[in-house]
Amino acid sequence: MGAVPAFNLAPDLEVSKLCLGTMTYGEQNSMRQSFQLLDHAFDAGINFFDSAEMYPIPQRPETQGRSEVYLGRWIRESKIPRARVVLATKVAGPSGQMTWIRGGPKSLDPTNILQAIDHSLRRLQTDYIDLYQIHWPDRYVPMFGETEYDPTRQFCSVPVEDQLDALGRAVESGKIRYIGLSNETTYGVMKFLQAAEKVSYHPRIVSVQNSYSLLCRTFDSGMAECCHHESPLAMGILSGKYFSPDKGPKDARLNLFRGRYSEGESRYSLSNRIIEEATKVRSFNLVCICIF
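Residues numbered from 1 in each chain as written. Predicted model: local features only at pLDDT ≥ 70, side-chain atom pairs only at ≥ 80, totals over all residues. Heavy atoms only, no water.

**Side note on helix H4 (residues 160–172)**
Keep this limit in mind: Helix and strand definitions follow DSSP, with helices as H or I runs of at least four residues and strands as E runs of at least two, each counted in order from the N terminus. Any helix carries an expected span of 1.5 Å times its number of residues minus one. Relative accessibility under 20% of the residue-type maximum defines a buried residue, over 50% an exposed one, and the middle range a partly exposed one, all with a 1.4 Å probe and only protein chains included. Contacts are residue-level and defined by heavy atoms, with any inter-residue pair within 4.5 Å sufficient.
For H4, which comprises 13 residues, the first-to-last C-alpha distance of 18 Å matches the rise-based estimate of 18 Å (1.5 Å per residue) to within 8%. Every buried residue of H4 is accounted for by Val160, Gln163, Leu164, Ala166, Leu167, Gly168 and Ala170. Where H4 is buried, its residues contact helix H3 (110–124), strand E6 (129–134), strand E7 (176–182) and helix H5 (186–198). Immediately downstream of H4, the backbone of Gly174 shows phi near 85 degrees, a positive value.

**A word on the packing of helix H2 (residues 66–78) against H3**
Basically, it comes down to this: In this analysis, axes come from line fits to C-alpha atoms, helices being fitted only over the stretch in contact, and the angle between any two N-to-C directions falls in the range 0 to 180 degrees. By definition in this entry, angles of less than 35 degrees are roughly parallel, angles greater than 145 are roughly antiparallel, angles of 65 to 115 are roughly perpendicular, and the rest are oblique. Side-chain classes are defined by residue name, with Ala, Val, Leu, Ile, Met, Phe, Trp, Tyr, Cys and Pro counting as nonpolar, Asp, Glu, Lys and Arg as charged, and the others, Gly among them, as polar.
Direction vectors running N to C along H2 and H3 enclose 45 degrees, while the axes themselves pass 7 Å from each other. Here H3 runs oblique to H2, going by the angle between their axes. For the pair H2 and H3, the contacting residues are Glu68, Val69, Leu71 and Gly72 in the first and Ser120, Arg123 and Leu124 in the second. A class-by-class count of the residues in the contact of H2 with H3 yields 3 nonpolar, 2 polar and 2 charged.

**Describing the pairing of strand E1 (residues 6–10)**
For the record, the criterion: At least two DSSP bridges between two strands are required for those strands to pair.
Direction of pairing for E1 relative to strand E2 (residues 13–16): antiparallel, over a ladder of 4 bridges. Looking at the pairing, Ala6 lines up with Ser16 of E2. Adjacent in sequence and paired antiparallel, E1 and E2 are bridged by 2 residues.

**What about unusual backbone geometry?**
In the segment running from Tyr55 into Pro56, the intervening peptide bond is cis, with an omega of 15 degrees. Mapped onto the fold, Pro56 is located in the loop between strand E4 (48–50) and H2. Cis geometry marks the peptide bond from Gly104 to Pro105; its omega dihedral reads -20 degrees. Among the structural elements, Pro105 can be located in the loop between strand E5 (86–91) and H3. One non-glycine residue with positive phi stands out, namely Arg102, at about 50 degrees. Residue placement: Arg102 occurs in the loop between E5 and H3.

Right under this line is the structure:
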């Protein structure tokens, strides 16, 4: 499959070891630019593409779902056989901000999950999704830059069993093939695995998509074995572009959306000396690897 090696994420699901995310398609990247990026990735041997119903970012009602639309349209217009592409997307969890997505959504109950699947299928112009992921848990967990668990912030959440029941029905109907998690904790992963073992028709998770880079190492304490799909460049920071004399291209994500992308800016502050020093070390090592 080209220059990028592949492996089996599941017995009959072969994916490239690099997965191309589409989080900026439809906002930072135009349709033409998105198609070019997808073409380059596919030609290099990447067959694994990830999106989400809330994308692109920064999220707003006018663009919600556009990343999925671009991805689906690229497949159709490029006339790529569906079986040659592995499509992954995600259902949004509870959010008090994105009220344009099913009212919040207020929860990740079976109704919300099944509605989200149908909407993603329409935007992607496909009959099935290869990997369907819960974007973040229905329950409270520290995420998006948070590192400490605060038990006082717990609230009543949808049982894992109910979520797996809905996902199992979607698998049975042929709408999705496999399921995964995102922004999840070790506790959450184990709860999903245990629940799947108890009921035969509950699907077992095959992937976890959590933040992982030199600037975000929270997975090291218990999630290392689950980390399969994360970018090593920390939103592009570890490329070194933001610490160059010109502070990087004007259309680079953290420049283009400065002051509007609170989730990214809270996770990686460019004014943090530790982040700057780690980036310089990373950039130097990359140069050395290229030379040798």
